[in-house]
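Take a look at the letters that make up each chain.
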Amino acid sequence: MTARQVAAPTAVPVRGRGLIACLSFAALTGSVVAGLGNPIIVEVSVERQVSLAAAQWTLIITLLVAVVATPVVSRIADGRLRRQALVASLLVVALGSLIGAVVPTFAGLLTARALQGLGYAMVPLTVSIAREWLSGSVLDRTLGVLSTSIAVGVGFANPVVGLCVLLADYRLAFVVAFLVSGAGAAWVWRRVPAAGAGTRRVRVDVLGGVLLGAGLAGTLLAIARGDAWGWTSPLVLTLATAGVVLLALWVLRSLRIPSPLVDLRLACSRGVLGVNLAATLLGVCVFGGAACVILLVQRDPADGVGFGYSVFVTGLLMTPMAVASLVSPPVARAIARRAGERVVLPLGSAVAAGAFATFALLHDRTWHVVLTMALMGVGIGISYSVMPVLIVARTPPGRTASATGVNQVLRLLGGSVGAACVAAVLAAHTPAAGGQPAESGYVTAVLVVAAVGLLSAVSGWVLVPPVRRRAEEGRPEHRPLVVDS
């Protein structure tokens, strides 16, 4: 006999558990693949015979594409094609992985890493789907898992890449990423329900995406290469000026058209602004600090600076970050129940800032690296898990994907700026004759990102008011899953 039963808000039916597992796998897959760039920077520099600054673009270009692509797919996910957008994004990630595996050039690698940037778009896509089909405490827990998948995925990507390099080379990691991304696309297509009939169509502002992408590319390129080309050189000044002008035009367009790529009014509304600002600053701290630590860990210690660890060992040293990120969300929820969600975000940012301040003082023993990674993971797990809860509580149902997408974009934008700033600081502490940066360069870089992390904590505390939850009952966007038994 078949009966249709409606799940209670706190119960997770069989199909619900399957949906949560599917969405978590998609978000984690995208994050793992997108995080492949960090541990191979030194390997790429040696194998492709390019400078360390050039090799760092395997990280920066992924973040840049993510910043542009995430608002586009998030806007699509506000309409009827959210499942199709998630499947298409996974397929693009799979294509990028295939290119990285078979094209043996630096240009091919950059192309692959650019396409893999869509992996970071999985979070707003999966959050939008989760909000449509889940509700209550189940939704809150799922949002926490999906939001922290970036840190968990990046953390687990490092040992995976390291093992692949140990067995063959970094291209083997791209083969694994191709298989996993393809499998994720197939699972999403079979498991995720189509959007409800009442879901409206949306328009995508293509011109806005072009202005945003070009503006960010010019600005970040000027920051990353300013020291090498000269901060007052015509090229750097032109790139910086053009980038700022294009971003200003994008802002004006976004404020004037009815369906912008990024709803700046919503992003700057009371409560949401504080979360977004904290996310941006925390992105600078986390991405920039992690990149700096990895470079020092892999550096040849011939001059007494660095550890000289292989990519595989580097990956193992990053694992504490992934584990801490994975186990921290329940701690964040416990703190939120006792003190409110408002306390959780600045606490996580402060812990992340403390991780890199600690590394500035202690960075010559292996356990110092482990301690830094564990503290950073706790900070990420706590802060990232509460961000979507704070945003969803203040966002209209039809703008969930766009609102969380903006938050994701700002994290990645902060990460792009953080990675570019770290590259610039290290370049400034590199001898004119060439060679490796001085130890003071690494210390300065992590102190800078630690200071930015503290600013994230301050903005999260000052600008984020307490959450006022809406009633879950009767909300059409929280249609409970229906189970056939």
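Residues numbered from 1 in each chain as written. Predicted model: local features only at pLDDT ≥ 70, side-chain atom pairs only at ≥ 80, totals over all residues. Heavy atoms only, no water.

A.B. asks: Explain the overall build of the chain to me, please; I cannot follow it from the model alone.
C.D. replies: Along the chain, the regular secondary structure elements total 18 helices and two strands. Classification of the 485 residues of the chain by burial places 57% in the buried group. Considering only intrachain contacts with a sequence separation of at least 6, the fraction spanning at least 24 residues in the chain is 82%. Within the structure as shown, the chain displays about 18,600 Å² of accessible surface, and the carbon and sulfur contribution to it stands at 69%. (Helix = DSSP H or I, 4+ residues; strand = E, 2+ residues; numbered from the N terminus. Buried < 20%, exposed > 50% of the residue type's maximum accessible area, 1.4 Å probe, protein only. Contact = heavy atoms within 4.5 Å. Areas by Shrake-Rupley, 256 points an atom, 1.4 Å probe, with all protein chains shown as cover.)

A.B. asks: Explanation requested: the environment of Val 93 in the structure shown.
C.D. replies: Its location among the elements puts Val 93 in helix α5 (residues 82–102). Under the relative-accessibility criterion, Val 93 is labelled buried at 1%.

A.B. asks: Explanation requested: the nonpolar core in the structure shown.
C.D. replies: A general trend in soluble globular proteins is that nonpolar side chains are found buried together. Leu 23, Leu 86, Val 188, Leu 345, Phe 356, Val 369 and Met 376 are the most contacted members of the largest nonpolar core, which totals 129 residues. The element that contributes the greatest number of residues to this core is helix α13 (residues 272–298), accounting for 15 residues. When near neighbours in sequence (up to four residues on either side) are disregarded, Val 369 contacts Val 293, Val 297, Phe 307, Leu 317 and Phe 359. (Core = buried A, V, L, I, M, F, W, Y, C linked by side-chain atoms within 4.5 Å.)

A.B. asks: So what exactly am I meant to see when it comes to the side chain of Asn 276 here?
C.D. replies: Among the structural elements, Asn 276 can be located in helix α13. If sequence neighbours within four positions are ignored, Asn 276 has contacts with Ala 267, Ile 391, Val 406, Asn 407 and Leu 410.

A.B. asks: What is the right way to read the packing of α13 against helix α18 (residues 439–462) from this model?
C.D. replies: At their nearest, the axes of α13 and α18 sit 8 Å apart, and the two run at 160 degrees to each other. In terms of orientation, α13 lies roughly antiparallel with respect to α18. Note that α13 runs across α18; the crossing there is left-handed. For the pair formed by α13 and α18, the contact residues are Gly 274, Leu 277, Ala 278, Leu 281, Leu 282, Val 284, Cys 285, Gly 288, Gly 289, Cys 292, Leu 295 and Leu 296 on the first element and Tyr 442, Ala 445, Val 446, Val 449, Val 452, Gly 453, Leu 455, Ser 456, Ser 459 and Gly 460 on the second. The residue inventory of the contact of α13 with α18, partitioned by class, reads 15 nonpolar, seven polar and no charged. (Axes fitted to C-alpha atoms, helices over the stretch in contact; angles between N-to-C directions. Parallel < 35°, antiparallel > 145°, perpendicular 65-115°, else oblique. Left-handed = near helix turned anticlockwise from the far one by under 90°. Nonpolar A, V, L, I, M, F, W, Y, C, P; charged D, E, K, R; others polar.)

A.B. asks: When you look at the side chain of Ser 254 in this model, what are you seeing that I'm missing?
C.D. replies: Within the secondary structure, Ser 254 is located in helix α11 (residues 234–256). A polar atom in the side chain of Ser 254 sits 2.8 Å from the backbone oxygen of Trp 250. Apart from the residues lying within four places of it in its own chain, the contact partners of Ser 254 are Pro 260, Val 262, Leu 264 and Arg 265. (Polar contact = N/O pair within 3.5 Å; in protein donor to acceptor, adjacent residues only side chain to side chain.)

A.B. asks: Sorry, what's going on with the packing of aromatic side chains here?
C.D. replies: Any two aromatic rings considered together are summarised by their centre-to-centre distance and by the angle between their planes. Applying the stated criterion across every chain yields a total of two aromatic pairs. With a centroid separation of 5.4 Å and an interplanar angle of 55 degrees, the aromatic rings of Phe 25 and Trp 187 are classed as tilted. Of the two residues, Phe 25 is situated in helix α1 (residues 14–34) and Trp 187 in helix α9 (residues 170–191); the sequence distance between them amounts to 162 residues. With relative accessibility at 28%, the residue Phe 25 sits in the partly exposed group. Just above the ring of Trp 189 sits the side chain of Arg 83; from NZ or CZ to the centre is 4.2 Å. Across the ring face of Tyr 384, the terminal group of Arg 411 is positioned such that the distance to the ring centre comes to 4.1 Å. (Phe/Tyr/Trp six-rings, centres within 6.5 Å; stacked < 30°, edge-to-face > 60°. Lys NZ or Arg CZ within 6 Å of the ring centre and 35° of its normal.)

A.B. asks: Explanation requested: the packing of helix α4 (residues 57–77) against helix α6 (residues 106–115) in the structure shown.
C.D. replies: When two helices pack together, their arrangement is captured by the angle between the axes and the distance separating the axes. The interhelical angle for the contact between α4 and α6, taken along N-to-C directions, is 35 degrees, at an axis separation of 8 Å. When you trace α4 past α6, the crossing you get is right-handed. From α4, Trp 57, Thr 58, Ile 61, Thr 62 and Val 65 reach across to α6, where they touch Phe 106, Leu 109, Leu 110, Arg 113 and Ala 114. Class assignment of the residues belonging to the contact of α4 with α6 gives a composition of seven nonpolar, two polar and one charged.

A.B. asks: Sorry, what's going on with a nonpolar patch on the surface here?
C.D. replies: There is a patch of nonpolar side chains on the surface, built from Leu 95, Leu 98, Val 102, Val 175, Phe 178 and Leu 179 and spanning about 510 Å² of accessible area. Elements supplying a minimum of two residues to the nonpolar patch: α5 and α9. (Patch = residues over 30% accessible without salt bridge, like charges linked within 9 Å, V, L, I, M, F, W, Y side chains within 5 Å. Salt bridge = Lys/Arg side-chain N within 4 Å of Asp/Glu carboxyl O.)

A.B. asks: What exactly am I supposed to notice about the pattern of salt bridges here?
C.D. replies: Where side chains of opposite charge bring their charged atoms close, a pairing between them can arise. Evaluation of the coordinates by the stated rule reveals two salt bridges. Between Asp 303 and Arg 299 there is a salt bridge, with its nearest N and O atoms 2.4 Å apart. Here Arg 365 and Asp 364 are joined by a salt bridge, their closest N and O atoms 3.9 Å apart.

A.B. asks: Just to check I follow, could you spell out α6 for this structure?
C.D. replies: Each α-helix winds once per 3.6 residues, and so residues spaced three or four apart point in a common direction. With respect to burial, α6 is a largely interior element, seven of its ten residues being buried. If you check which residues of α6 are buried, you get Phe 106, Gly 108, Leu 109, Leu 110, Ala 112, Arg 113 and Ala 114.

A.B. asks: What is the right way to read the environment of Ser 147 from this model?
C.D. replies: Structurally, Ser 147 can be placed in helix α8 (residues 136–167). For Ser 147 and Thr 126, which are 21 residues apart along the polypeptide, the C-alpha to C-alpha distance reads 9.4 Å. Excluding residues that lie within four positions of it along the chain, Ser 147 makes contacts with Val 123, Tyr 384, Ser 385, Pro 388 and Arg 411.

A.B. asks: Hey, could you run me through α13 in this one?
C.D. replies: Taking 1.5 Å per residue as the helical rise, α13 with its 27 residues ought to reach 39 Å, and the 39 Å between its terminal C-alpha atoms agrees with that figure. Along α13, 25 of the 27 residues are buried, which leaves the element largely enclosed by surrounding structure. (Expected span 1.5 Å × (residues − 1).)

Remember that the coordinates give geometry; whether it matters functionally is a separate question.
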